[in-house]
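Observations on chain architecture
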Amino acid sequence: RLLYLLCQFVDVISSTFSARVTLFLDDLQWADAASIEAVHNLLITASIASTSLQDTRFFFLGCCREGEINGGHPVWKLLTNLERASVGCTNIKLDLMDEHTINTMVSETLSLFPRLTRSLSSVIYHKTKGNPLFVSRLMLSLSKKGLLRPSLSRGRWEWEKEKIECRNLPTDVAMFLNDSIRELPESVQSSLCILSCFGASANVSFIEILERALQKNIRDDLDVAVAKGLLDKIGVEYRFSHDRIQEATYNMMEDRVRRLFHFTYGLSLASLSVEEECDGILFVAVNQLNLGGPATVQDPSQSFTVAGMNLRAGKNAMEMSDFKTALSYLNHGISFLRDRHWENHYDLSLELFEVAAKCALSNGDHNRVSLLFEQVSEVAHSFEDKLEVTYACICSLLNSSCLGDALTKGLYVLNELGIVLSGDLEALLMETKSMLAEYSDEQLLSLPVMTDRTKLMAMKILSRTQTCLLHTNPKSQPKATLHMVQYSLRHGMSGLSSFALILYGSFLACLGDIPAGYRYVKIAIRLAEKLNARSNMCEVLALGSQVMGYVEPLQSINDVMVRSHEYGLAVGSISNAMLSRVMNIVCAFWSGKQLSHVKSTVDDTLRLMASHSTLVWILQTLPLYRTVLAMIGNVDDVPIILGSRSDIETEKERKMSETNLHLLKVVHFNKLYVGFMFRRYDDVKQLAVAYDAIASLPFSSILISHCMHVFYGGLINFWIARKTMDVIWFDRGEKAIEKMRSYADCSSWNFQNKLLLLQAEQCFYLEDFESAKRFYDAAILSAQEHKFVHEEALACELAGHFMLESGEGRSSLSYFLLAQKKYREWGAYAKEESMNTYIKEQFGNSKLTSKINISPSIPTEQDPRKRRAS
């Protein structure tokens, strides 16, 4: 959420002013992963928003020490990712200064002609080897020693070359700085060491806090260092003049002493944070304690105090959506726990492990989740004490696409809690409907709140179990949904109750009762808002939007899914955030958004999924991504996912789709769609036979993509029926019309044009050419009015094929040309080129461009009983 808001903020600022927004960061070798991730997101967002390098409104400049950036460093990964994303990047290597450059610098500094300073510059160059920091510090040192001094009589600077040459200097700048620091009074050295433990700078207010915590006067000593040129005081901030000075000061202390100082400073600040109830001081204190490490603990009781403080800091970081930092605190907290901590500090240990498992899940660290789960499982006092880490483990397995293992664990836990997913589905549905019938909408919203921790955990396990069933055994998924609804009605409402009602509404819509399903979606959203169920709002909006897409304009649903994604990121529910991104991408594609925008969104999403190891959603995204690439055409800049280019299907994917029925359906449909769009009849017929067997499998949740399966499946069936004269294909097409008619009754905006195009193909098969033409024209007009440019293009193309086969070549060319224009408008350049080739084959160099006369009237449906003659 924070990254998203930062990117939006920079985008707004950069759009407001003509000058580019420039961000400069120095010393990137010390940057943490979170900071580099922020830079990466800013650059990717700016790249997507710009059409060319000259149009880019955001510019980033970063400096780092080359020798300290290796293959595992965040900066190295940033550069690699930017190259893959085709973001313009230039590397500039700064060498040491040569003798001529140093002479220019000395000449300008001393306001003397270069020929006069050449002797001094030569000595400085050989002493410093051209290191800029060494040069500036040496000149200051020479001035203080009187070897470089102003002459009042001569009115210029003068120096003693022989004495400078004879002076023994360290060969390394760090050693030179050490010598300079050791010349200071001991109290000043001590204060500089204290400051170096907290980084490169600190403001006066923090120095005052340090003085209270350590009961030591620090500011006077720092002012002395300012006078000596080792520190700069800019406003209310003390800052080391150079990072090398801070590094030299810090390294003056032995490692053991440094750690002890860190721990001592941390304890002092920790006491102050408790007294003043300041979370800002808490973070600083805990960072110092963790830099000290468990080895510096002298009193065993301090270990558990520090562990508790890390737990508190981790929770605070989670509230700010910083889950990487939170996990770092929690892991440090666990490291401070002593032997026999499960016996002596059970509650603290259990909570640390539970929260750490949740954070590790949010960060996609599945190995860490597994380790925490195994440890808690061995020592937990009760089954209930295992539930939190077990839930995290189930979610981790689900995200890793280990669906069978996740389902086994989920069913085991539910059985232990007395919830058995068995019995007749129809009876369970009737029982649930009967229970709900006793409540009005307002009464449902006013039911008591569920507070029992075990029952709340049962709802969580049920929610993940139904997700596993959706992918592995869709027929049984509604049982988990119905149990969640009944459990809520018996034991009280919770955030997950709103999710249960969303699933229930989706199930009713899948059964054909879309108005009832839509009603429960609206109730569920109101319930989540009333309970302030932020942790569940992501799923509620994501799945609710799928039902809303059958009632409300499809283009408006994208905003709902953006909100859903933001909620997921805010609460650390990465899996659900990725779910909402997948659904957002699907909705964007089928609502006709510009394909280049869809591709950029998927590129960014796949990288995000890979960084969080959400394999299950990567697999769901790749088939549609390849469809987008097929429509756009030759594209080189694709992410590397699962160890290979994301535009190439891997053997690993094929194996996983064999056990994931939902994924299998998605994969087959996208291949079928691409074959149909590029008119590959033989491939389409073969795929259609295989797809029909998969499509007949029961699915108990309605998705926006399902209506597209019906729509394109119907068009394909009519096409094959015309080619084969097999009535079975025609009957399947008619079933698609009946299904689409039920959808159009709920939303004419989304489905009228689709119904009309199916009816046009039906009439084409029946050789009712007059009605077919009216239906084609009406479908084109409806798609245009409802902003579905891709379906307007398709309707024009199919109308062109109809006209061509009907012997109206001139009219067919006009339709084809309009289709070509609309495909180009959509960004489907490969499809446009395919049509261009087809037009040349059919019409040669004909330049006929007569206009299409599209009637605004919607024709009535014709009697389909008349069969086409052989």
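Everything numeric here is computed off the predicted structure, so don't read it as measured data.

On to the overall build of the protein, then. Looking only at helices and strands, the protein features 42 helices and 9 strands. Referenced to the eigenvectors of the C-alpha coordinate spread, the extents of the protein come out at roughly 115 × 75 × 45 Å. Partitioning the contacts of the protein with sequence separation of at least 6, the portion at a separation of at least 24 is 70%. Counting only carbon and sulfur atoms, one obtains 52% of the accessible surface of the protein, whose full area is about 38,600 Å².

Counted by the stated rule, this structure contains 5 cavities of 30 Å³ or more. Here the largest cavity defines a volume of roughly 530 Å³. If you trace the largest cavity, you find 35 residues lining it, with Val-582, Met-583, Gln-620, His-662 and Leu-703 closest to the centre. For the lining of the largest cavity, the elements supplying multiple residues, two or more each, are helix H24 (453–472), helix H26 (495–510), helix H28 (534–548), helix H30 (574–590), helix H32 (615–632), helix H34 (661–677) and helix H36 (704–724). No other element matches H30, which puts 8 residues into the lining of the largest cavity. In terms of residue class, the lining of the largest cavity is made up of 18 nonpolar, 15 polar and 2 charged.

The next subject is the pairing of strand S4 (residues 156–159). Across 4 bridges, strand S3 (residues 148–151) lies against S4 in antiparallel orientation. When the bridges of S4 are listed, Ser-151 appears paired with Arg-156. Taken together, S3 and the strand that follows it, S4, pair antiparallel across an intervening segment of 4 residues, in which Gly-155 is found at a positive phi of about 65 degrees.

Another point: the confidence of the model for the protein. Mean pLDDT over the protein stands at 87; residues scoring 70 or higher make up 92%. Considering only residues more than four positions removed or in separate chains, one finds that residues 847–852, a stretch of pLDDT under 50, has 10 contacts.

Looking now at the pattern of salt bridges. One pass over the structure, following the stated rule, counts 32 salt bridges. Salt bridges here are not isolated pairs; linked through shared partners, they connect Arg-149, Arg-154, Glu-158, Glu-160 and Lys-163.

Here we come to the nonpolar core. Counting 241 residues, the largest nonpolar core has Leu-192, Tyr-673, Phe-676, Tyr-712 and Leu-794 as the members making the most contacts within it. Those residues within four positions of Leu-794 in sequence are excluded, and the remaining contacts are Phe-676, Met-677, Phe-711, Tyr-712, Leu-715, Leu-757 and Tyr-823. In terms of nonpolar packing, the next biggest core, distinct from the first, is built from 18 residues, Met-97, Phe-134, Leu-138 and Phe-176 among them.

Turning to the packing of H24 against helix H25 (residues 477–491), a few remarks are in order. Closest axis-to-axis distance for the H24/H25 pair is 8 Å, and the angle between their directions is 160 degrees. For the element pair H24 / H25, the angle class is roughly antiparallel. The chirality of how H24 crosses H25 is left-handed. When H24 is examined against H25, the residues Lys-455, Ala-458, Met-459, Leu-462, Ser-463, Gln-466, Leu-469 and Leu-470 are found in contact with a partner set consisting of Gln-477, Ala-480, His-483, Met-484, Tyr-487, Ser-488 and His-491. Per-class residue counts for the contact of H24 with H25 are 8 nonpolar, 6 polar and 1 charged.

With that out of the way, let us pick up the packing of aromatic side chains. Aromatic rings considered in pairs are described by the distance between their centres and by the relative angle of their planes. Applying the stated rule across the entire model yields 31 aromatic pairs. For the ring pair Phe-261 and Tyr-265, a centre distance of 5.9 Å and an interplane angle of 20 degrees mean the geometry is stacked. Here Tyr-265 and Phe-261 lie together in helix H13 (residues 255–276), a separation of 4 residues that amounts to about one turn. On the accessibility criterion, Phe-261 (31% relative accessible area) is partly exposed. By relative accessible area, Tyr-265 is classed as buried at 7%. For the ring pair Phe-730 and Tyr-765, a centre distance of 4.3 Å and an interplane angle of 25 degrees mean the geometry is stacked. Here Phe-730 is found in helix H37 (residues 727–746), whereas its partner Tyr-765 is found in helix H38 (residues 748–765), with 35 residues between them in sequence. Under the relative-accessibility criterion, Phe-730 is labelled buried at 0%. Owing to a relative accessible area of 3%, Tyr-765 belongs among the buried residues under this scheme. Linked through ring pairs, Phe-589, Trp-590, Phe-669, Tyr-673, Phe-676, Tyr-681, Tyr-691, Phe-711, Tyr-712, Trp-719 and Trp-826 together constitute an aromatic cluster. Across the ring face of Tyr-681, the terminal group of Lys-723 is positioned such that the distance to the ring centre comes to 5.6 Å.

In an α-helix there are 3.6 residues to a turn, and that puts residues three or four apart on one side. Between its first and last C-alpha, H37 extends 30 Å over 20 residues, near the 28 Å set by a 1.5 Å rise per residue. Residues of H37 that are buried include every one of Trp-729, Phe-730, Gly-733, Glu-734, Ala-736, Ile-737, Met-740, Tyr-743 and Ala-744, and no others. Those residues of H37 hidden inside the fold are in contact with helix H27 (514–530), helix H35 (681–695), H36 and H38. A distance of 3.0 Å separates the backbone nitrogen of Ile-728 from a side-chain oxygen at the start of H37, and that oxygen is part of Asp-726.

Attention now goes to H38. With 18 residues, H38 extends 25 Å between its outermost C-alpha atoms, agreeing within 8% with the 26 Å of an ideal straight helix rising 1.5 Å per residue. Among the residues trailing H38, Glu-767 stands out with phi positive, at a value near 60 degrees.

Bringing the sheet that holds strand S7 (residues 237–240) into the picture now. Taken together, 3 strands build an open sheet; the order of strands is S5-S7-S6 and the sheet is antiparallel. Both edges of this open sheet fall to strand S5 (201–203) and strand S6 (231–234), since each of them pairs with a single strand only. The average angle at which neighbouring strand axes cross in this sheet is 20 degrees, direction not considered. Of the strands in this sheet, S5, S6 and S7 are in contact with helix H9 (residues 186–196), which crosses S7 at around 95 degrees. Along the sheet face, helix H10 (residues 204–214) touches S5, S6 and S7 and points at about 85 degrees away from the line of S5.

Criteria and cut-off values
Residues numbered from 1 in each chain as written. Predicted model: local features only at pLDDT ≥ 70, side-chain atom pairs only at ≥ 80, totals over all residues. Heavy atoms only, no water. Helix = DSSP H or I, 4+ residues; strand = E, 2+ residues; numbered from the N terminus. Contact = heavy atoms within 4.5 Å. Areas by Shrake-Rupley, 256 points an atom, 1.4 Å probe, with all protein chains shown as cover. 1 Å grid on protein atoms, 1.4 Å probe; cavity = no way out; pocket = protein on both sides within 12 Å on 5 of 7 lines; lining within 4 Å. Points joined across faces, edges and corners; volume = space filled by probe spheres on them. Nonpolar A, V, L, I, M, F, W, Y, C, P; charged D, E, K, R; others polar. Pairing = 2+ DSSP bridges. pLDDT = per-residue confidence, 0-100. Salt bridge = Lys/Arg side-chain N within 4 Å of Asp/Glu carboxyl O. Core = buried A, V, L, I, M, F, W, Y, C linked by side-chain atoms within 4.5 Å. Buried < 20%, exposed > 50% of the residue type's maximum accessible area, 1.4 Å probe, protein only. Axes fitted to C-alpha atoms, helices over the stretch in contact; angles between N-to-C directions. Parallel < 35°, antiparallel > 145°, perpendicular 65-115°, else oblique. Left-handed = near helix turned anticlockwise from the far one by under 90°. Phe/Tyr/Trp six-rings, centres within 6.5 Å; stacked < 30°, edge-to-face > 60°. Lys NZ or Arg CZ within 6 Å of the ring centre and 35° of its normal. Expected span 1.5 Å × (residues − 1). Polar contact = N/O pair within 3.5 Å; in protein donor to acceptor, adjacent residues only side chain to side chain.

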